[in-house]
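Observations on chain architecture
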Amino acid sequence: MDCIVFQHSFFLKPSKTSLNLTHQLGSTSRIRAWKLVTCCGNRNVNGSLPPFGTLETEITNEIIDFFVSDAEGDPDRPSPGYSPIEQAITALRQQKFVVVVDEDEIGNVEGSLVMGACHASEKRIGFMVRHGSGIVSVGMKGEDLERLKLPLMSPENEDDSSAPSFTITVDAKVGTSTGVSASDRANTVLALASPKSRPPEDFKRPGHVFPLKYRNGGVLHRVGHTEASVDLVTLAGLRPVSVLTSVVDIEDGSLASLAYLKKLASDHSLPIGDIGNGQDVLVRVHSECLTGDIFGTRRCDCGNQLDLAMQIIEQAGRGVVVYLRGHEGRGIGLSHKLRAYNLQDEGHDTVEANLELGFAADAREYGIGAQIPHDIGVHTMRLMTNNPAKFAGLKGYGLAVVGRVPVLTPITEDNKRYLETKRVKMGHIYGSDIQGTSPHFIKPTIKESNQV
Ligand SMILES: [Zn+2]
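From a predicted model like this one, the values you see are computed outputs, not experimental measurements. Residue indices begin from 1 for each chain and proceed along its sequence in written order. Only residues with pLDDT of at least 70 are given local features in this predicted model, and only at 80 or more are side-chain atom pairs given and counted; all residues enter the totals for whole chains, interfaces and linings.

Some thoughts on the overall build of the chain
The helix and strand tally for the chain stands at 15 helices and 14 strands. Put simply, a residue is buried when 20 or more other C-beta atoms lie within 10 Å of its own C-beta and exposed when 12 or fewer do; between those, it is partly exposed, and each C-beta is set from the backbone. Across the 452 residues of the chain, 46% fall into the buried class. Placing a C-beta atom from the backbone of each residue, one calls two residues in contact when those atoms lie within 7 Å. Within the chain, residue pairs in contact and separated by at least 24 positions form 72% of the contacts whose partners lie at least 6 positions apart. Per the convention used, a helix needs a DSSP run of H or I reaching at least four residues, while a strand needs a run of E reaching at least two, with both numbered from the N terminus.

Things to note about the pairing of strand β4 (residues 98–103)
Between any two strands, at least two bridges found by DSSP are needed for them to pair. Judged from the 6 bridges that link them, β4 and strand β5 (residues 109–116) form a sheet pairing that is antiparallel. Its bridge partner being in β5, Glu-103 is matched across the sheet by Val-109. Pairing between β4 and strand β10 (residues 272–274): 3 bridges, direction parallel. In the strand pairing of β10, Val-101 is matched with Asp-274.

Quick look at the sheet that holds β4
One open sheet accounts for 7 strands, arranged β7-β8-β6-β9-β5-β4-β10; its pairing is mixed. The open sheet has two edge strands, β7 (170–172) and β10, and neither has a second partner. On average, adjacent strands in this sheet sit at an angle of 45° to one another, irrespective of strand direction. Between N-to-C directions, angles cover 0 to 180 degrees, with each direction set by a line fitted to C-alpha atoms, over the stretch in contact for helices. Helix α2 (residues 85–93) contacts β4, β5 and β10 of the sheet and is inclined by roughly 135° relative to β4.

A short note on the pairing of strand β12 (residues 319–324)
When you tally the buried positions in β12, you get 6 out of 6 residues, the bulk of the element. The side-chain alternation of β12 yields two buried faces, one formed by Gly-319, Val-321 and Tyr-323 and the other by Val-320, Val-322 and Leu-324. Bridging between strand β11 (residues 281–287) and β12 involves 5 bridges; their strand directions are parallel. Each bridged residue has a counterpart across the sheet, and for Val-285 the counterpart in β12 is Val-322.

Topic: the nonpolar core
Within the largest apolar cluster, 54 residues are counted, with the highest numbers of intra-cluster contacts made by Leu-92, Val-98, Val-99, Val-138, Val-189 and Leu-192. Of all the elements, helix α5 (residues 182–193) adds the most residues to this core, at 6 residues. Apart from the residues within four sequence positions on either side, Leu-192 is in contact with Ala-117, Val-138, Met-140, Ser-197, Val-209, Pro-211 and Val-241. The next biggest cluster of nonpolar side chains, apart from the first, holds 37 residues, and it includes Val-283, Leu-308, Tyr-366 and Met-384. Any set of buried Ala, Val, Leu, Ile, Met, Phe, Trp, Tyr and Cys residues joined through C-beta atoms within 7 Å is what this text calls a nonpolar core.

Topic: α5
Take the number of residues in a helix, subtract one, and multiply by 1.5 Å to get its expected span. Its 12 residues place the ends of α5 16 Å apart at the C-alpha level, agreeing with the 16 Å of an ideal helix rising 1.5 Å per residue. The set of residues buried in α5 consists of Asp-184, Arg-185, Ala-186, Asn-187, Thr-188, Val-189, Leu-190, Ala-191, Leu-192 and Ala-193. Here the buried face of α5 lies against α3 (122–131), β6 (136–140), β7, β8 (203–213) and β9 (242–246).

Remarks on the packing of α3 against α5
Relative orientation of the contacting elements α3 and α5 amounts to 110°, with a least axis distance of 8 Å. Comparing their axes, α5 and α3 come out roughly perpendicular. Residues Glu-122, Ile-125, Gly-126 and Val-129 of α3 pack against Ala-182, Ser-183, Arg-185, Ala-186 and Val-189 of α5. Considered class by class, the residues forming the contact of α3 with α5 number 5 nonpolar, 2 polar and 2 charged. Orientation categories follow fixed angle ranges, with anything under 35 degrees roughly parallel, anything over 145 roughly antiparallel, 65 to 115 roughly perpendicular, and all other angles oblique. Side-chain classes are defined by residue name, with Ala, Val, Leu, Ile, Met, Phe, Trp, Tyr, Cys and Pro counting as nonpolar, Asp, Glu, Lys and Arg as charged, and the others, Gly among them, as polar.

Looking at the confidence of the model for the chain
Confidence per residue, as judged by the predictor, is encoded in pLDDT with a range of 0 to 100. For the chain, the mean per-residue pLDDT works out to 77, and 76% of the residues sit at or above 70. Scored below 50 in pLDDT, residues 433–452 makes 39 contacts in the model with residues more than four places away or belonging to other chains.

Re helix α13 (residues 367–375)
When we look at burial in α13, the residues that qualify are Gly-369, Ala-370, Ile-372 and Pro-373. The arc enclosing the buried residues of α13, seen along the axis, measures out at 155°, which places them on a common side. The directions considered for the arc are those from the helix axis to the C-beta atoms.

Details of the environment of Lys-390
With respect to the helices and strands, Lys-390 occurs in helix α14 (residues 388–393). As for Lys-390 and Arg-364, which are separated by 26 residues in sequence, their C-alpha atoms are 9.0 Å apart. When neighbours within four sequence positions are excluded, Lys-390 is seen to be in contact with Val-285, Tyr-366 and Thr-385.

A word on unusual backbone geometry
Put simply, Pro-199 and Pro-200 share a cis peptide bond, and its omega is -10°. Within the secondary structure, Pro-200 is located in the loop between α5 and β8. The omega angle of the peptide bond from Arg-205 to Pro-206 is 0°, so this bond is cis rather than trans. Within the secondary structure, Pro-206 sits in strand β8.

Quick word on the environment of Ile-372
Considering the arrangement of structural elements, one finds Ile-372 in helix α13. Along the primary structure Ile-372 and Val-285 are separated by 87 residues, whereas in three dimensions their C-alpha atoms are 9.6 Å apart.

Right, dumping it as structure tokens:
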């Protein structure tokens, strides 16, 4: 089965903090996502959206602004002391540092000073050396390391994602003496960041700057400072090369505590945020519907659901859309679906039509739809669906579903029978489990699907 994964790249962590990073599939996938939004937004040939008229009140209006609610206890509310991701991106564009924090379950904290490598200067590297461990690292993608012929220091550990992947160390040949001064190291960092640098004429090896290999997939693949830093500078529109150092207490050299990191950020007006952990991620597992998603048919609500799911993810700041191919017509294929449409025109409802053609009312299978979020690092998800079968089908693949977010789109004259059939015969829920901006709405208590 073919699958296309779209993922919005701005993460707002629901639980603890607002600066959060995500796996980035690369700029092409984001562009594809936005293209799809554009495509779905212009449904009719003349470019206008179809007229929606709400005909019944049985469907509860979707409230999506709870995602930006300031309500006390709202899990999406940024916790005090952390910065919105926009601030971090702005700071990086302005050639400033960002403090990235990684806190594990038992409270161990590690913080890094992070900046775009292309903005390295003597003064800035001096700041890093003064507040950091003394080791200046440069986060780089595999293709840049290959271009510069920088192999891993310990290739045998490449598969061990628990540790950072250091390559052999370097100094720039031009503009350096011993390689250790802030000025020398700034020149080395700039040389590593430059797409024009070439081995072996541009670098001495070993040296005093430590390149680190970025793992494709970013922080959702490996929750590491290397991945976070490269993801951040990429989001800021800079070349995907970061410079970073672990922050230590300037008094005794111990690893900086969270309080210390917050004070450092505050003293120097630096944004501070922590690395994502794949928890409570909004996930839409969308069944392919060519006629709805691309051509904007009014017979079904698929295209509107996909649009709305992307809008909700955008508002929430992070999330995953998995687009499952082969799910046309609830798994019967496009040509059979069109035949089913003909039967529907003759009076069958959507379920009867599938049965009449010799298929199950719903022939979809969701294993792959769960494995993809799992593979890209989602641990717990808030599933965006009205369909209890989907809710049940996506459990049990190493993923915990911690809540359901309804995806409620307008009922129209054209789709109301179809929606009503799904409600009556397939148990679709066109209402919120809990209304309003209550934090419980984010994590509704969902009973087993057969109870709905
Ligand atoms: Zn559809």
